[in-house]
Structure formats: structure tokens, C-alpha cells
2 protein chains.
Amino acid sequence: MALHFPPEEFAARRNRLNRALAAEGLDGLLMFSQESMYWLTGYDTFGFCFFQCLYVGVDGTTALLTRSADLRQARHTSNIEDIRVWTDAAGATPAVQLRDMLDSLGARGKRLGIEYESHGLVASNGRAVDAAMDGFCTLQDASAVVTRLRAVKSPAEIACVRKAAELADAAWDAALATIGPGADEGAVLAAMQGAIFAGGGDYPANEFIIGSGADALLCRYKTGRRRLDPIDQITLEWAGVYRHYHAALMRTVCVGKASPRHRFIHAAVVEALEAVEEAIAPGRTAGEVFDVHARVLDAYGLAPHRLAACGYSLGAKFTPSWMDWPMFYTGNPWVLEPDMVMFAHMIVMDTDTGTAMCLGRTSLVTATGSEPLSTASLDLIVK
Amino acid sequence: MALHFPPEEFAARRNRLNRALAAEGLDGLLMFSQESMYWLTGYDTFGFCFFQCLYVGVDGTTALLTRSADLRQARHTSNIEDIRVWTDAAGATPAVQLRDMLDSLGARGKRLGIEYESHGLVASNGRAVDAAMDGFCTLQDASAVVTRLRAVKSPAEIACVRKAAELADAAWDAALATIGPGADEGAVLAAMQGAIFAGGGDYPANEFIIGSGADALLCRYKTGRRRLDPIDQITLEWAGVYRHYHAALMRTVCVGKASPRHRFIHAAVVEALEAVEEAIAPGRTAGEVFDVHARVLDAYGLAPHRLAACGYSLGAKFTPSWMDWPMFYTGNPWVLEPDMVMFAHMIVMDTDTGTAMCLGRTSLVTATGSEPLSTASLDLIVK
């Protein structure tokens, strides 16, 4: 068993969860999010791609239902003692097996929370669970319960985030050593991801974003690499990842030379990022932070070229995405607290001139404000 | 726009889909699977982590509803012309916007298929869609329609798979150059993934499996790297990936020396893999293939140490997993056809003696049998 946090830490998390469930009037929680399971028990797998559920009762019960391929995985990575297996076969009905497991654990007739908003529970399985539990227990959407608890990090978690931030800076150094006219995007990716693996880090929960030329205006990964032109631009968004905790960074690098438009937008995104980081402070809402970003960029005339969100929380996330809640979008009432970890990205994609200029980094919310976790310069870089 | 297949290929896929939908009595399909969207239109993103739907009507309609961050992504990577955006905001209701989009496209009162079994449609969004469509149109689970079409590859897709298989072999060479007493698992991972990126390949849809010592008995990725002992074992499962098409391999490497138990099990998994590959042929069912695997391993007394599945289809998959349908498990009636791509893994994890020994590779189903796509030896390797 390789737990990455001490038993007292897991016990404290369990206590927080029990209090939160009790406050919702729930007798237990059907966990489907791998993020929740990892946070509560250490259980670490991508087996959530199939049906899998961790039942947590406020009475202290903890029991996992998973597939045979994950039996040893749960034993080696988590503190879960009661692990049950459903078997692949034509006509397998794991949701019914889940109900039978809950029955054996005394959950009949109880009021249980369920994580419907989870990549561990696709809609077809959600429907199967609803059908299996009909008349057996009462289900109540509790998708946000663990997400809210996870958003505020413990000192041990913050140590992981700081290590992740170091790996992110190391990946940036590796990228800068590779980028230049004629460089192959694939080599850039190999250098960045290699620095993170060699440093003991993990895969990211989503692919690094890499795009150059016209595709520097994209902010998602896609297949297909190219070589940089003598005069070019390349946008990168990546995260150092340690114990699955993410610390993200984002940059657009000019190759050969920077255009006046690059320089103009760069000035705007630096001002926006600095204003946003000023706004990332306890007591401010995620919606206010977004509005600061929009106000600065719109004053530069960049309203048509920015996105409708400018960042989000980071933590121990699994695929398909490292984006965690809360997100910085207008009107989001989620109030920031100390020990939250927030990634702010100023993304400007000007289709009219074909210019990309992005700048982002991760900050830790402190008692009074926030602290950027990267030591990398915000200056415009021309390689 | 960077489409990776010619227009005629996409047109042929659309024709196959329209015929399949008509055969099911459907007027259209609400696509939520990124795999389906990529196959039909080239659209390439991990934006399916949020609400996103591609509507495809048998009348020729194609329209995407996605977030602002994916607007350009859809324009640059797909042939979709009608792209609409829902905006993040407190109280955003994208499922209602989807209904409004469908209404504008004349889908009111129609019978539409929907991909409920999709990592692009989590249970909470599935419930929102059901509620929004109630009384507007009739929904019918059609999760398997595109999956079945995707399972049989075109010549252009097989070319991608062959390139992926070359990248998988290159990653294996890189691993073998790194593995030995004292080697760091992180360096092995960096070498393998680096070979694939440098060769123009993509991220895998799930993390590579890497585990040594006691964790060589795991068949999932987990955080936490270690150095190999003078006498050790390391299990690797990885895929070369090109244009998102996967070709997987699996090996356990002995470090320092191989135990008699390693050699005994190795003989069993070679015999099992060869028997399985003999069984991978048109007209055979996925269930029969599993049973061949079980029969061979059980004759070696390894029944307690094998899994309940021994492989699956591979193709252009997105996170959280590269495992595609059909899977080799007992009783699976899916009949194999030419031009399917099947990964067979013989996984033996002997907890009693702490011995892991795994062997797997990917084969192309041919007109008369199957062809392994890797040139790597099946011999036991001691480094």
C-alpha cells in the first residue's frame, strides 16, 4: 500500500466529509468521481472509465465496487478494506450489484447523496443506477459536496502543488531550450513532458495544448504536429503534475520576431493578469475575478477576441480535464478562500489579424491575497 | 482547417451512419462521444469534458453546440459549418439551448438517437437533456451505432493504425534502452512517451501503465515513481498513438534475473497469446477469444491469477481510456470482422508469489485470420 498522505490526513478529510453529508441530511454518498475517491482514500486509477462506485456511509462504512482489473489497484493505492468486484460478462448488471452491496451494508431505505456530475458516471450508467435504486433508497444529487471540500487544500496538499509548480517551470525551461525557427512541435512536447516525468511527475489530466501558426489561436490539444516557420507563433498551455495535483502555466512565444499586434496584446494580457491576481483574494467571488479580466481586456478593445471564462481551480484531477471548480466566469458567486489554488489565463485570440497572445499562471490564495507559484518571467519572449 | 482524411472518406462515413440510423428508424442522432464526432467530422478536442453535442440529421443537417473555447477548435479541425456556442454563466442551461437549436433545425417531434454511454455525457447532463427534450422529441439510446461503425476500419484508418504500431515499437526500443537495475521509472516513461511525441504521435487516451516491484502486479497507472532494484520486475502497457489511433503493447521485463515462476508463466502467456491470435479471425466471437485465453492459462493452473477480460478493440479514442468495444470477455457475442483492430493482453498477476508476467500486442483482423502489427519479439527479457 502506497498512500501519499498520512493516516491522520485521511481521517481529517473523512471527518470533513461526514460533517458535510450530515449538513445535507444525507446518510451516505455514492461516489463516482475518481477525484473524490483519491481525495478520501488514496485510490488511484483510470478504472473509472467503467462502472465503479465507492460507497461512504456517515456511520463509517466504506466499500468499493469495481472490476477485477482494479482489485489489486485499490489494495495497493488506497486505505479501502472492503473491495468487491463485478465481473464482465454478457448481460452484466453492475448497478444491480451495487444495490445488493448497499443492501448488505444496511443502506436500504436511507437517503444517499450521489455524484451525478462525474466523468465516472456516464449517462447510461446514471440511468441504470436510478433504475436499480428505485424503491430501495432515496437519491439526492450531491455532486458538489466533495468538490467544495477538495477546493480548499491542506498543507500536505499545498506541498504537492508547490512541487507541481516547480515541474511546470522545469517544463517551461525545457520548452524554451527547444523552441525556435524550424523546431518540431513534437520535440517541444517531448521535452516538456519528459522534464515532468523525469522529475517524478505525472501525466496531466488533459493533453498539453500546443499549437503554432494559425493553430496558435486554439486552446485545446489536437493531433498533427508541424515545424515552426522562421517567423511564427506558438501557444502552449501545460501543467506540472505531482501526485495528480496540477499547477498550470500558459504562454504564447513569438518565433523570429514579434509583430506590433503581439506586443500590443502582450501589454494587455500582462495588465489583465496582474489585475486578476490582485483580485484573487479571500472574500472575492469567482465572478468578480472574471469581470476584472474582462474590464482590462475590453479597455484595450479586445472584447471580441477573449473567452467567456478566464481560469479555474486546480487540484488532484483525473482525465478528461484538469479544469476544476470553481471557474472564473461572470456571475459565479463562489467565494474564494485561503488555500485554494487558482489558475488564471488571459487568452486573446485575434482571428482578424491571426494573432495569438496568451498568458497564464497558477496562484495560491493566501490569508490576505494570493501568491503566484511560478518563478517564470511574464515578459514577451521572442525565440 | 486541418482534416486528416479526404472529403470522400468523411462522405462515406456519413453515408454509413445515415444508413445505420435509418435502419434503427431514427431521424437523427445526438452525438456526445468525442470518438463519434472525430470519426464523422474530424472534430478534435478534449472540450467534451463540458457539455457539448453534435446533432446529425438523416436529412443532412450537422450542427455543433459547444463552448466558446472550442469554437475555433471546431473550425480548425472539422468540416462542421454550423457551430453554435453556449456561454458559461451562473445558471447557464446548455441542454435548453440544445433543444432550441434542434427546434431551429426542424427536429421537433422527431425520433432521435442519443449516445447515453459516452464520457461526453455525464449523468447530470444526461438528466438535463432528458428533461429538456421531454415533450419536444422522442429519445432512443443509440450509444452503439457509431461504435459499431468505428470498429471496422477503412484503409486510410488502417494506415494510421500501422503508423501507431511503429510508434509503439519505437517506444519499446526506448524503454529497453532505459530499463535495468537502478533505473528510474520516470526516466522510462519519459523515454517511451518522448519517442512517440518525437515521432509525430499523440498522447494516449489513458496513461501508460508502469509498475515495478510489488506494483508490477497492477494494470493501471498510478502516481509515484521508484527506482528498480538489482533484482526486480517491471510491467509496462503502452500504445503508440497516431491521429488518435492506438496500437497497444504489453510486457513484463525481468530485471537482474528471471525467477523460475517468471519463466513458467511466460511460457503460459506466450502459448495463450498465440492461441488467442489464432482465434482472432472473421466469424469468431469476442467471447470465444476470451475462452481460448482462459483455457490455456487455466491448464497451467493460472486461473486464480488471470483477469475476467483479455483484450479489446482499438481505434481513435479519447480520454479517459483507449479501451474500445468489443471487449474479449466470456459470452460476448460480437462477431469479429475483417479490418477490426484488436489488442490481446495475457495478464497474469500471481499475488501468492508476487510474480507478474504480462504479454500483449495488437492485431489487424484480415480476410482469413489476423496479423500482429508489432515486430517486437515475444521472448522473455531480462535486463
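Residues numbered from 1 in each chain as written. Chains lettered and ligands numbered in written order. Predicted model: local features only at pLDDT ≥ 70, side-chain atom pairs only at ≥ 80, totals over all residues. Heavy atoms only, no water.

**Focus on the relation of the copies chain A and chain B**
Here is step 1 of the chain: Each copy superposes on the other: chain A lies on chain B with an RMSD of 0.0 Å after a rotation of 180° and an axial shift of 0.0 Å. Accordingly, the operation relating the two chain copies is best matched by a two-fold axis.
Here is step 2 of the chain: Most of the interface of chain A is mirrored in chain B, where 100% of its interface residues are also at the interface. (Least-squares fit on C-alpha atoms with pLDDT ≥ 70 in both. Contact = heavy atoms within 4.5 Å.)

**Focus: the interface of chain A and chain B**
Here is step 1 of the chain: Between chain A and chain B, the residue contacts involve 75 residues of the former and 75 residues of the latter.
Here is step 2 of the chain: In total, about 6600 Å² of surface goes out of reach between chain A and chain B, with carbon and sulfur atoms giving 62% of it.
Here is step 3 of the chain: A salt bridge links Arg225(B) to Asp202(A), with the shortest nitrogen-to-oxygen separation between them at 3.8 Å.
Here is step 4 of the chain: Our count for the chain A to chain B interface comes out at 37 residue pairs in polar contact (both at pLDDT 80 or more).
Here is step 5 of the chain: Sorting the residues of the side of chain A that touches chain B by element identifies helix H3 (71-77), helix H5 (123-133), helix H8 (185-198) and strand S11 (324-327) of chain A as the ones contributing at least two each. (Buried area = accessible area lost by both parts, 1.4 Å probe. Salt bridge = Lys/Arg side-chain N within 4 Å of Asp/Glu carboxyl O. Polar contact = N/O pair within 3.5 Å; in protein donor to acceptor, adjacent residues only side chain to side chain. Helix = DSSP H or I, 4+ residues; strand = E, 2+ residues; numbered from the N terminus.)

**Remarks on the UniProt feature "domain: Peptidase M24" (unreviewed entry) in chain A**
Here is step 1 of the chain: Here the UniProt-annotated "domain: Peptidase M24" (unreviewed entry) positions come out as residues 160-349 of chain A.
Here is step 2 of the chain: Between the C-alpha atoms that bound residues 160-349 of chain A the distance is 32 Å, and the span itself is 34% helix and 22% strand. (UniProt positions renumbered as here; feature names shortened; annotations may be inferred.)

**Quick word on the state of the cysteines**
Here is step 1 of the chain: Taken as a whole and judged by the stated rule, the model has zero disulfides over all chains.
Here is step 2 of the chain: The thiol of Cys53(A) is unpaired, and the distance to the nearest cysteine sulfur, on Cys137(A), comes to 10 Å.
Here is step 3 of the chain: On the accessibility criterion, Cys53(A) (0% relative accessible area) is buried.
Here is step 4 of the chain: The thiol of Cys219(B) is not disulfide-bonded; the next cysteine sulfur, from Cys358(B), is found 7.2 Å away. (Disulfide = S-S within 2.5 Å. Buried < 20%, exposed > 50% of the residue type's maximum accessible area, 1.4 Å probe, protein only.)

**Quick notes on the side chain of His119(A)**
Here is step 1 of the chain: Position of His119(A) among the secondary structure elements: in the loop between strand S5 (111-114) and H5.
Here is step 2 of the chain: A distance of 3.2 Å separates the side chain of His119(A) from the backbone oxygen of Cys49(B), its partner in a polar contact.

**With respect to the pattern of salt bridges**
Here is step 1 of the chain: In the structure shown here, the tally under the stated rule is 38 salt bridges over all chains.
Here is step 2 of the chain: Across the salt bridge formed by Arg84(B) and Asp82(B), the nearest N and O atoms sit 2.9 Å from each other.
Here is step 3 of the chain: When the shortest N-O distance is used, the salt bridge between Arg225(B) and Glu185(B) registers 3.3 Å. On the criterion of sequence distance, the pair formed by Arg225(B) in the loop between strand S7 (209-212) and strand S8 (232-242) and Glu185(B) in helix H8 (residues 185-198) is long-range, its members being 40 residues apart. In this pair, the class of Arg225(B) matches that of Glu185(B), namely buried.
Here is step 4 of the chain: Salt bridges sharing common partners tie together Glu9(A), Arg13(A) and Glu157(A).

**Some words on the nonpolar core**
Nonpolar side chains tend to gather and get buried jointly when the protein is soluble and globular.
Here is step 1 of the chain: Counting 164 residues, the largest nonpolar core has Leu236(A) and Leu236(B) as its most contacted members.
Here is step 2 of the chain: Setting aside chain neighbours within four positions, we find Leu236(A) in contact with Trp172(A), Ala175(A), Ile179(A), Val188(A), Met192(A), Ile209(A), Ile210(A), Leu249(A), Met250(A) and Arg251(A). (Core = buried A, V, L, I, M, F, W, Y, C linked by side-chain atoms within 4.5 Å.)

**So, the sheet that holds strand S4 (residues 82-86) of chain B**
All names here are of chain B.
Here is step 1 of the chain: Taking strand neighbours across the sheet as the criterion, the six strands line up as S4-S3-S2-S1-S5-S6 in an open arrangement whose pairing is mixed. Among the strands making up the open sheet, the edge pair consists of S4 and strand S6 (138-141). Looking at each pair of strands side by side, their axes are set apart by 25° on average, direction ignored. (Pairing = 2+ DSSP bridges. Axes fitted to C-alpha atoms, helices over the stretch in contact; angles between N-to-C directions.)

**What to know about helix H4 (residues 94-104) of chain A**
All names here are of chain A.
Here is step 1 of the chain: Of the positions making up H4, those classed as buried are Pro94, Ala95, Leu98, Met101 and Leu102. Looking straight down H4, one finds that the buried residues subtend no more than 110° of arc, so they occupy a single side.
Here is step 2 of the chain: Following H4 by one or two positions, Gly106 has its phi on the positive side, about 80°. (Arc of directions from axis to C-beta.)

**A look at the sheet that holds strand S4 (residues 82-86) of chain A**
Residues and elements named next belong to chain A.
Here is step 1 of the chain: Spatially, six strands are ordered S4-S3-S2-S1-S5-S6 in an open sheet, and the strand pairing comes out mixed. Whereas interior strands pair on both sides, the edge strands pair on one side only; in this sheet they are S4 and strand S6 (138-141). Geometrically, the sheet is characterised by an average inter-axis angle of 25° between neighbouring strands, direction not taken into account.
Here is step 2 of the chain: Relative to strand S3 (residues 62-67), strand S2 (residues 53-57) is paired through four bridges, and the arrangement is antiparallel. Residue pairing for S3: Tyr55 is matched across the bridge by Ala63.
Here is step 3 of the chain: Across the sheet, H4 is in contact with strand S1 (28-31), S2, S3, S4 and S5; its angle to S3 comes to roughly 160°.

**Focus on the packing of aromatic side chains**
Two numbers describe a pair of aromatic rings. These are the distance of the centres and the angle of the planes.
Here is step 1 of the chain: Scanning all chains against the criterion turns up 25 aromatic pairs over all chains.
Here is step 2 of the chain: Aromatic pair Phe48(A) and Phe318(A): ring centres 6.3 Å apart, planes at 80°, arrangement edge-to-face. A residue pair is termed long-range when its members are at least 10 positions apart, and Phe48(A) in the loop between helix H2 (34-41) and S2 and Phe318(A) in the loop between strand S10 (311-313) and S11 qualify at 270 residues.
Here is step 3 of the chain: With 6.1 Å between their ring centres and 65° between their planes, Tyr203(A) and Phe208(B) make a pair best called edge-to-face. With Tyr203(A) in the loop between H8 and strand S7 (209-212) and Phe208(B) in the loop between H8 and S7, the pair connects residues from two separate chains.
Here is step 4 of the chain: Through a chain of ring-to-ring contacts, the aromatic side chains of Phe197(A), Tyr203(A), Phe208(B), Tyr221(B) and Trp322(B) assemble into a single cluster.
Here is step 5 of the chain: For the cation-ring pair, Arg148(B) lies above Trp334(B), with the distance from its terminal atom to the ring centre recorded as 3.8 Å. (Phe/Tyr/Trp six-rings, centres within 6.5 Å; stacked < 30°, edge-to-face > 60°. Lys NZ or Arg CZ within 6 Å of the ring centre and 35° of its normal.)

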